[in-house]
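Given next are the chains, with one letter for each unit.
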Amino acid sequence: MSEQAVAAKADMEAIRPINVVTWKDKLAAYKKRPLSMFLLMAVTVSAVITVGVLGALVIYILANGIMNLSPELFAWKYTTENVSMLPAIINTFLMTALSLLIAVPIGICSAIYLVEYAKRGNKLVSIVRITTETLSGIPSIVYGLFGYLMFVIAFGWGLSFFGGALTLSIMVLPTIMRTTEEALLSVPDSYREGSFGLGAGRLRTIFKVVLPSAVPGILSGVILAIGRIVGETAALIFTSGTTAEIPKSLFDSGCTLAVHMYKLLSEGLYTKQAYATAVVLLVMVVIINAASGKLAKKLQAK
Amino acid sequence: MTKVKERTMHIVFLVAACMSILAVAMICLFMFANGVPAIRQIGFVNFIFGKTWMPGANKFGIFPMIIGSIYVTAGAIIIGVPIGLLCAVFMAKFCPPKLHKIMKPAVDLLAGIPSIVYGFFGLVVITPMIRNTFGGSGKNILTACILLGIMILPTIISVSESAIRAVPESYYEGALALGDTHERSVFKAVLPAAKSGILAAIILGIGRAIGETMAVIMIAGNHAVMPDSLLAGVRTLTSNIVLELGYATDLHREALIATGVVLFVFILIINLLFSVVKKKGAK
């Protein structure tokens, strides 16, 4: 190699592309700007705390709970000895189904009215908007009190499963309404026009064209609602009661898993069982969240 | 025939739409009709500003509970808002898309965990930690603030993240082009523009914290007296209802419902603030 070539090579190596920033450059830049460095650290630390808290909670409960899961906890009948949570688990499913059975049709129908029927600037629409917003801000204990006053006392039902379901269905109504509304709004107008153009009436258009294409969006709202119902405690204690049995009729008392867990904790004797219950609740919530995540992905892919 | 069907369904939809109005009306009616007479009987001033809650002696003053609710809510905001806001900034402007795919479900899961599970976690983890550090029973305002701070994180994060993402990219690019660093561009140009969305997030967080029941009841100590320090036990408006409604009778029961009315009024005010802020943001 000639001397010239060696010098040229050395030159080439000394030249660094200016559009590449190495870690060293970044560090040097941050050292010059302490505020930026501090901000970067602050946001990173906050994110780590957030994920860390979640991780700590999930791992702690799983680690302590799984070994406390025993077959007696899933016995068919609840006794004070086995403290079985199976009736409460079944009740949770029943409560979810019953509340959705009431809330979903009402929620969907009212969203249909808001999107498909109401004219622009309709006064009723703005009132409905305000009331749904109010409903979604009301804490669950106020729902519980209301359910207690209306269904337990005024209607004279006593602690009843049905009263609890009605209370919860009012509670999740805004969630279902809002998501359905968004789903209906995202259906392109050309679908409706096409359907009208083929001679279909308004009703047929809604049920055959608009609703089917809004199903994933509606489902995501339903899943959100399921999550709230499964985790709900305060609204149920005084409406559906704390009896750890599967109700024989709609007007019997029966507790869901979350209420069952509250009872275990407030009696203070069953910490092990409470751990096990927490695991089951957590697993339910994780499954519900995974389902809603998957659905959201599907919606985005569209 | 079809015309009749169309007509009836139109009415069905209309009735369904009115259901939420009916629900709010019924809730207001039942709460106020059952609570207001008790307040009148006890006396408004005695009820709101009375410092002793002794149902056995017919003393119904909920001031300690109002203060308790305000303290734990303020504490939750002090802890939850900075962490939540910074985390939202991280998710919107700092984190690579791959990491975002993990963070987002994590925050959603944090929002989905039932409050009773949070309460249990507070009881078996945070309470002993506080007890070992500061002594006492470990069930006090500080514990409640920490747990509630955690519980409002997902609300704060998701609402402020979408507010930050809604700021036009040109703001950020403009600041960057003027020579600011990435961090300064985000904090000095983007965040101020997302102000009203962030404020809405904080108000929602306040609403969640003040209405939280099952978690607070586990860890706040539940003493119905005026708290004198951060390490004193408190009872909030919400826990007062759950603790005593099970066995209360007569005026005691009505006083508890009136406690619910006070909470309800707080919530209505917060809701009103929220919609005002949102409207301002939309302009």
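Not measured: the values here are computed from a predicted model.

So, the overall build of chain B
In step 1: Within chain B, the secondary structure is distributed over 12 helices and two strands.
In step 2: Taking the principal axes of the C-alpha coordinates as reference, chain B spans close to 75 × 70 × 30 Å.
In step 3: Evaluated residue by residue, chain B yields a buried proportion of 52% over its 283 residues.

As for the UniProt feature "domain: ABC transmembrane type-1" (unreviewed entry) in chain B
In step 1: The UniProt record annotates "domain: ABC transmembrane type-1" (unreviewed entry) at residues 66–274 of chain B.
In step 2: Secondary structure content for residues 66–274 of chain B is 80% helix and 0% strand, and the end C-alpha separation is 21 Å.

Describing the UniProt feature "transmembrane region" (unreviewed entry) in chain B
Residue and element names in this part refer to chain B.
In step 1: With numbering matched to this structure, UniProt assigns "transmembrane region" (unreviewed entry) to residues 12–33, 62–95, 107–129, 141–159, 198–221 and 255–277.
In step 2: Segment residues 107–129 splits into 91% helix and 0% strand. End C-alpha atoms: 24 Å apart.
In step 3: Between the end C-alpha atoms of residues 141–159 there is a gap of 26 Å, over a span that is 100% helix and 0% strand.

Details of helix H5 (residues 115–134) of chain B
In step 1: Maximum bend of H5 of chain B: about 40 degrees, positioned at Gly122 of chain B.
In step 2: Among all positions of H5 of chain B, only Ser115, Ile116, Val117, Tyr118, Gly119, Phe120, Phe121, Gly122, Leu123, Ile126, Thr127 and Ile130 of chain B are buried.
In step 3: Elements in contact with the buried residues of H5 of chain B: helix H3 (34–65), helix H9 (202–231), helix H11 (257–267) and helix H12 (271–301) of chain A together with helix H6 (141–165) and helix H10 (214–219) of chain B.

Topic: the interface of chain B and chain A
In step 1: The partner chain A presents 69 residues to the 67 residues of chain B that form the contact.
In step 2: At 20 residues, helix H1 (residues 2–42) of chain B tops the list of elements feeding residues into the side of chain B that touches chain A.
In step 3: Here the residues of the side of chain B that touches chain A are counted per class, giving 48 nonpolar, 14 polar and five charged.

Re the nonpolar core
Soluble globular proteins tend to pack their nonpolar side chains together in the buried interior.
In step 1: Within the largest apolar cluster, 179 residues are counted, with the highest numbers of intra-cluster contacts made by Met261, Ala278 and Leu281 of chain A together with Val72, Ala144, Leu147 and Leu148 of chain B.
In step 2: With 16 residues, the top contributor of residues to this core is H6 of chain B.

Calculation rules
- Throughout, a residue's number is its position along its own chain's written sequence, starting from 1.
- As they are written, the chains are lettered A onward and the ligands numbered 1 onward, keeping that order.
- Predicted model: local features are reported for residues with pLDDT of at least 70 only, side-chain atom pairs are reported and counted for 80 or more only, and whole-chain, interface and lining totals are derived from all residues.
- The way it works is that DSSP assigns letters per residue, a run of H or I at least four long becomes a helix, a run of E at least two long becomes a strand, and they are numbered from the N terminus.
- Whether a residue is buried, exposed or partly exposed is read from the other C-beta atoms within 10 Å of its own C-beta, which are placed from the backbone; 20 or more gives buried, 12 or fewer gives exposed, and intermediate counts give partly exposed.
- UniProt positions are given in the numbering used here, feature names are shortened, and annotations may be inferred rather than shown by experiment.
- Note on bend: the value at a residue is the angle between axes fitted to the seven residues ending there and to the seven starting there.
- Any pair of residues counts as being in contact when their C-beta atoms, constructed from backbone geometry, are within 7 Å of one another.
- Polar here means any residue outside two lists: the nonpolar Ala, Val, Leu, Ile, Met, Phe, Trp, Tyr, Cys and Pro, and the charged Asp, Glu, Lys and Arg; Gly therefore counts as polar.
- For our purposes the nonpolar core covers buried Ala, Val, Leu, Ile, Met, Phe, Trp, Tyr and Cys residues that link as a set through C-beta atoms within 7 Å.

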